[in-house]
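Each chain, letter by letter, is given below.
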Amino acid sequence: IAYSDPNDRKTYIFKTESEYYQDYKYSKYARTKPKSGWDCLRHYEIMGNGCVPFFPDIINCPRYVMMRFPKALLTKIAFFEKNNPKWLDQNYEYFQSEIMDHMLKYNTTKALAEHVMKELSLINK
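Residues numbered from 1 in each chain as written. Predicted model: local features only at pLDDT ≥ 70, side-chain atom pairs only at ≥ 80, totals over all residues. Heavy atoms only, no water.

Another aspect to go through is the packing of helix α3 (residues 71–83) against helix α5 (residues 92–107). The geometry of α3 relative to α5 is characterised by a closest axis approach of 11 Å and an angle of 155 degrees between their N-to-C directions. One finds that α3 runs roughly antiparallel with respect to α5. Considering only the axes of α3 and α5, their crossing is left-handed. Packed against α3, whose contacting residues are Leu-73, Leu-74, Lys-76 and Ile-77, the element α5 presents Phe-95, Glu-98 and Ile-99 at the interface. (Axes fitted to C-alpha atoms, helices over the stretch in contact; angles between N-to-C directions. Helix = DSSP H or I, 4+ residues; strand = E, 2+ residues; numbered from the N terminus. Parallel < 35°, antiparallel > 145°, perpendicular 65-115°, else oblique. Left-handed = near helix turned anticlockwise from the far one by under 90°. Contact = heavy atoms within 4.5 Å.)

Set out below in structure tokens:
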């Protein structure tokens, strides 16, 4: 599990962005949670570095918030983290692959820009 934990300010030790990202790259899982709001860069930093987020409260995220975020998948991961962590770890490659596929399809800058442009074109019709 990544060292940086939003539940413990003492784990915020990284001096550079590169060190912070390296922690995610070398970790299988990382904890995250809503901070000032539900959507924050931390969730995407975790996924973008190939790490699987543990987001225990994701089930409480409002329906129309973070609509292009893999909430259903992270709800499943949170369930297994709590109830059967060994099974979750045995299936890590599947979940990591699903997270990365979703990230690339919906959450990159390019994917988000294409989505915005598509939505704007629908308004102008």
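The final tally for this structure, using the stated rule, is twelve aromatic pairs. Between Tyr-20 and Tyr-24, the ring centres sit 4.9 Å apart and the planes meet at 70 degrees, which makes this aromatic pair edge-to-face. Taken together, the positions of Tyr-20 and Tyr-24, both in helix α1 (residues 17–26) and four residues apart, correspond to about one turn of that helix. Considered together, Tyr-20 and Tyr-24 belong to a single accessibility category, that of buried residues. With 4.3 Å between their ring centres and 35 degrees between their planes, Phe-80 and Trp-87 make a pair best called tilted. Residue Phe-80 is classed as buried on the basis of its relative accessible area, which comes to 19%. (Phe/Tyr/Trp six-rings, centres within 6.5 Å; stacked < 30°, edge-to-face > 60°. Buried < 20%, exposed > 50% of the residue type's maximum accessible area, 1.4 Å probe, protein only.)

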